[in-house]
Amino acid sequence: MTLVTARQLNKTYLSGEIPVHAIVDADFTIASASFVSFVGPSGSGKSTLLNMIGCLDPPSSGSLEVAGQDLTTLGSREAARFRGKQIGFIFQDFNLIPVLTVFENIEYPLQMVQNWPRAERRQQVEALLAAVDMADQAGKFPHQISGGQKQRVAIARALVSRPQLVLADEPTANLDRETALKIITLMKSMRDDSGTSFIFSTHDPKIVDNAETIYTLEDGRVKTAHREAKDA
Amino acid sequence: MRNIIKIATRNLLRYRRRTILTSILITLGVVAVLLFISVSGSFKSMMISQITDSMIGHLQIHRQGYLASMDSLPLNRNLKPGQLARVEQALKKLPEVAAFSPRIKLGAMFSNYAETTNIRLNGVDPEREAATVPMLMKRIIAGQGEGLLAAGEILVPELIARGMKVKVGDGIVLVATNRDGSVNGQAFTVRGILEGISGPGGRDGFIHLNDARSLLRLQDMEVSEIAVRLHSMAQLEAVTQQLRSTLGSQRNQQDQPLFAVHTWEKLTPFFNIARMIDLMTLFIKIMLVAIVLVSIMNVMVMAVYERINEIGTIAAIGTSPARILWLFLCEGLLLGLLGTTIGVVVSLLSIRGMAAAELSFDFGRQKGLLLQPSIALSDIVTVSLIVIAIAVIGSLQPAIKASRMDPITALRHV
């Protein structure tokens with residue numbers, strides 16, 4: 001089943017008065033429950049593409065459909081609602097909320113975005129905490145845990161509302177090799193358990209090696225390279 | 001909402017020093033305003049009671065037009081016996097009225113048998129006058145005794161007593177012109193010397209009502225005015241309205257109202273001073289608003305600027321702009337609440353401390369007036385609501401900015 005469909009997708013923005021074509025005529029599809037990586041040098045358009053798929057940045061032209069929703073027609077409020085329901089985000093710098101505990105950070109999307117009942121929230125957060133092996137750190141604040149643990153919390157937060165898609169922008173960039181490998185393994189097993197698709201933008205060969213589908217970007221143009229994933 | 005409050009509280013605790021400094025600023029503003037209101041209010045109510053309790057009464061009833069020509073003390077605008085009876089009847093029906101005193105006001109020549117001067121006099125029923133203006137007795141600086149005065153006695157204002165060199169027990173003569181233009185004289189004994197006070201009637205002398213009638217050769221029981229004392233000043237407006245309504249049906253031949261009811265505010269220029277105090281209080285409140293507005297806006301602008309990346313994160317994961325707005329408004333609200341609560345507590349303790357210290361001050365010729373600062377609950381509530389509302393308003397612009405932030409721009413912010 002297709003989760004993301006992009007047709008003749010373009011993104012142009014102005015740098016001063018000069019138009020910059022960040023994405024040019026991108027055509028691709030991404031299936032459900034897939035593990036996809038967009039790779040390319042800095043400035044190739046990876047983050048721009050992820051932002052468009054994540055409903056954070058509207059395309060300049062073309063069509064982009066995610067989970068059956070045409071993203072070109074959404075206003076900012078609808079876009080926020082769609083993101084809250086269908087998309088999880090994992091950031092390079094983890095972006096946990098510093099005044100919330102590990103438990104509360106994971107709980108945040110359920111409480112502040114989706115208004116889940118308290119008992120269901122607790123059950124879901126506890127399940128995710130156990131899945132990312134952070135149950136014993138639930139009461140700690142972000143500054144009290146390591147980078148790898150923060151990224152585990154970020155993964156749990158991205159998955160807590162059961163989205164169809166998780167977008168991860170350089171999720172291992174700030175982690176050491178061993179931790180990065182653990183995080184990749186975790187994300188893959190989470191994909192296997194939940195059926196959620198993971199889309200990465202990355203330079204990291206460890207992620208690239210584990211991706212089932214790789215899209216290479218060069219000067220905003222998407223090139224496809226299919227490959228069999230190896231076990232992380 | 002509980003989660004929003006929790007996050008807002010933790011964010012305030014996160015920047016503890018800034019939160020404390022801003023709260024102190026708001027606290028100082030609240031304390032300054034509440035102390036000013038309590039002290040100026042104490043001064044104002046003391047001055048009002050000095051004037052109403054020692055001369056004017058809380059309100060007065062005259063025949064229509066008397067007040068406009070009061071300087072010449074006209075006898076032809078007195079209340080006639082029938083009119084007086086109607087007013088007395090109306091007053092007796094009101095439970096809010098504590099006492100009332102009919103007065104004949106007149107001008108006369110005051111002679112010590114060697115020199116003569118002008119004097120303004122009030123002919124009063126001593127018992128009713130003492131009940132209506134209880135502080136009048138305290139103004140007698142020489143010759144205190146049983147009751148205010150008796151028939152044949154006069155309370156002489158201090159300035160005239162000094163100028164005419166009369167003392168308690170001396171004999172004097174009053175000469176007055178009656179309504180028909182004929183002159184009459186009558187001998188009196190100086191019963192006491194009366195301290196002068198600021199305001200209308202503050203330098204008048206007093207004689208017995210019956211003496212005033214005989215001096216003016218008034219055949220009937222007619223009076224110039226009726227001074228009224230209420231059980232509580234808070235009832236003034238309601239009683240005035242009721243009297244105006246009751247007495248308003250009485251019309252003269254020109255179909256004009258026969259009676260005029262005036263509150264103390266219309267009878268003394270001190271009301272303007274009281275209004276100036278109120279105006280000063282208003283300006284102090286405006287300064288408080290400015291302090292709170294500037295400090296809260298400053299803090300909240302900083303809060304938004306420092307948390308741009310966080311705003312981007314919560315926006316990206318789907319937090320609605322309205323929730324982001326509330327997060328920041330709630331921080332401003334909590335800052336306002338914190339500063340206001342501490343400010344109110346400090347103010348109440350300070351007011352209690354000042355009251356316990358029994359501070360005194362002089363006002364004109366009145367020495368050693370005791371400052372009794374107090375504050376009404378309504379003033380505390382009003383000031384608190386103003387501060388809290390301004391704290392929220394001050395947070396509004398930064399909160400709107402945060403809620404409208406583009407998630408991508410915010411996430412890229414370093």
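Values in this document were obtained by computation on a predicted structure and should not be read as measured data. Every residue gets a number counted from 1 within its own chain, in the order that chain's sequence is written. Note on labels: chains are lettered from A, ligands numbered from 1, in written order. For this predicted model, a pLDDT threshold of at least 70 governs which residues receive local features, and a threshold of 80 or more governs which side-chain atom pairs are given and counted, while totals over whole chains, interfaces and linings are taken from all residues.

Considering the overall build of chain B
Then step 1. Every helix listed is a DSSP run of H or I at least four residues long, and every strand listed is a run of E at least two residues long, numbered separately from the N terminus. Broken down by element type, chain B carries 13 helices and 12 strands.
Then step 2. Rg of the C-alpha trace for chain B: 31 Å, well past the compact-globule value of 22 Å for 414 residues, more than 25% over.
Then step 3. Dimensions of chain B along its principal axes, counting C-alpha atoms only, are 100 × 50 × 30 Å.
Then step 4. Three exposure classes are used, all based on how many other C-beta atoms lie within 10 Å of a residue's own C-beta (placed from the backbone): buried at 20 or more, exposed at 12 or fewer, and partly exposed between those limits. Sorting the 414 residues of chain B into buried and exposed places 38% on the buried side.
Then step 5. Note on contacts: each residue gets a C-beta atom placed from the backbone, and two residues are in contact if those atoms are within 7 Å. Here the contacts in chain B between residues at least 6 apart in sequence split such that 81% fall between residues at least 24 apart. Our radius of gyration is a C-alpha quantity, and the globule rule it is checked against amounts to 2.2 Å times the number of residues to the power 0.38.

Let's talk about the overall build of chain A
Then step 1. The helix and strand inventory of chain A stands at seven helices and 10 strands.
Then step 2. Computed over the C-alpha atoms, the radius of gyration of chain A is 17 Å, within 12% of the 17 Å expected from 2.2 N^0.38 for a compact globule of 232 residues.
Then step 3. Expressed as lengths along the three principal axes of its C-alpha atoms, the size of chain A is roughly 50 × 40 × 40 Å.
Then step 4. Here chain A holds 232 residues, and the buried ones make up 47% of them.

Observations regarding the sheet that holds strand E1 (residues 2-15) of chain A
Residues and elements named next belong to chain A.
Then step 1. With antiparallel pairing, the four strands of this open sheet are ordered in space as E2-E1-E4-E5. In this open sheet, the two strands that pair with only one neighbour each are strand E2 (18-31) and strand E5 (69-70).
Then step 2. Two strands are counted as paired when DSSP detects at least two bridges linking them. With two bridges joining them, strand E4 (residues 61-66) and E5 adopt antiparallel strand pairing. Bridging from a neighbouring strand, Val-66 pairs with Gln-69 of E5.
Then step 3. Only the stretch in contact is used when a helix axis is fitted, and all axes are lines through C-alpha atoms; the angle between N-to-C directions ranges over 0 to 180 degrees. In the packing of helix H1 (residues 46-53) onto the sheet, contacts are made with E1, E2 and E4, and the angle to E2 comes to roughly 60°.

Description of the domain arrangement of chain B
It is common to give the size of an interface as the accessible area that goes away when the parts come together.
Then step 1. Each domain's extent is set by a domain assignment, obtained either automatically or from a database. Domain annotation for chain B reports domain 1 (2-50 + 272-412) and domain 2 (65-257).
Then step 2. Look at where the C-alpha atoms of domain 1 of chain B and domain 2 of chain B centre, and you get two points 51 Å apart.

Thoughts on the environment of Phe-271 of chain B
Then step 1. Tracing the backbone shows Phe-271 of chain B in helix H9 (residues 270-306).
Then step 2. Placed 259 residues apart in sequence, Phe-271 of chain B and Leu-12 of chain B show a C-alpha to C-alpha distance of 46 Å.

A word on the interface of chain B and chain A
Then step 1. If you look at the interface, chain B gives 18 residues, while chain A gives 17 residues.
Then step 2. Secondary-structure elements contributing two or more residues to the side of chain B that touches chain A are helix H1 (2-14), helix H10 (308-316), helix H11 (321-357) and helix H13 (407-412) of chain B.
Then step 3. In terms of residue class, the side of chain B that touches chain A is built from seven nonpolar, seven polar and four charged. Classification convention: Asp, Glu, Lys, Arg as charged; Ala, Val, Leu, Ile, Met, Phe, Trp, Tyr, Cys, Pro as nonpolar; all other residues, Gly among them, as polar.

Section: the packing of H9 of chain B against helix H12 (residues 377-403) of chain B
Residue and element names in this part refer to chain B.
Then step 1. Where H9 meets H12, the closest approach of the two axes is 8 Å, and the angle between their N-to-C directions is 30°. Between H9 and H12, the interaxial angle falls into the category roughly parallel. Like other packed secondary-structure pairs, H9 and H12 cross with a definite hand, here right-handed. Touching Lys-285, Leu-288, Val-289, Val-292, Leu-293, Ile-296, Met-297, Met-300, Val-301, Ala-303 and Val-304 of H9 are Ile-386, Val-387, Ile-390, Ala-391, Ile-393, Gly-394, Ser-395, Gln-397, Pro-398, Ala-399, Lys-401 and Ala-402, all from H12.
Then step 2. Along the lines of polarity and charge, the residues of the contact of H9 with H12 split into 18 nonpolar, three polar and two charged. Relative orientations are named as follows: roughly parallel for angles under 35 degrees, roughly antiparallel for angles over 145 degrees, roughly perpendicular for angles from 65 to 115 degrees, and oblique for any other angle. If you view the pair so one helix is near and one far, a crossing is left-handed when the near helix is turned anticlockwise from the far one by less than a right angle, and right-handed when it is turned clockwise.

Looking at helix H3 (residues 102-113) of chain A
Then step 1. Here H3 of chain A contains 12 residues, and its C-alpha end-to-end distance of 17 Å stays within 8% of the 16 Å for a straight helix at 1.5 Å per residue.
Then step 2. Burial analysis of H3 of chain A places 11 of its 12 residues in the buried class, which makes it a mostly covered element.
Then step 3. Of all the positions in H3 of chain A, only Val-102, Phe-103, Glu-104, Asn-105, Ile-106, Glu-107, Tyr-108, Pro-109, Leu-110, Met-112 and Val-113 of chain A are classed as buried.
Then step 4. Summarising the contacts, the buried residues of H3 of chain A are in contact with helix H2 (76-86), helix H4 (118-131) and helix H5 (147-159) of chain A together with H1 and H11 of chain B. By this rule, a helix spans an expected 1.5 Å times one less than how many residues it contains.

Some details on the environment of Leu-293 of chain B
All names here are of chain B.
Then step 1. Secondary-structure assignment places Leu-293 in helix H9.
Then step 2. Considered as a pair, Leu-293 and Thr-116 are 177 residues apart in the sequence and their alpha carbons are 65 Å apart.
Then step 3. Leu-293 has contacts with Ile-390, Ile-393 and Gly-394, leaving out every residue within four places of it along the chain.

With respect to the pairing of strand E6 (residues 171-177) of chain B
Residues and elements named next belong to chain B.
Then step 1. In E6, alternate side chains face the same way, and those of Ile-172, Leu-174 and Ala-176 are buried while those of Gly-171, Val-173, Val-175 and Thr-177 on the opposite face are not.
Then step 2. Here strand E2 (residues 97-111) runs beside E6; their pairing, made up of three bridges, is antiparallel. Directly across from Phe-110, in E6, lies its bridge partner Leu-174.
Then step 3. As paired elements, E6 and strand E7 (residues 183-194) share seven bridges and run antiparallel to each other. In the strand pairing of E7, Leu-174 is matched with Gln-186.
Then step 4. Joining the antiparallel neighbours E6 and E7 is a turn of five residues, in which Gly-181 adopts a positive phi near 100°.

Looking at the confidence of the model for chain A
Then step 1. Overall, the predicted model of chain A reaches an average pLDDT of 84, with 97% of residues at or above 70.
Then step 2. Within chain A, strand E10 (residues 221-226) of chain A has the poorest average pLDDT of any element, 76, and H3 of chain A the best, 91. Confidence per residue, as judged by the predictor, is encoded in pLDDT with a range of 0 to 100.

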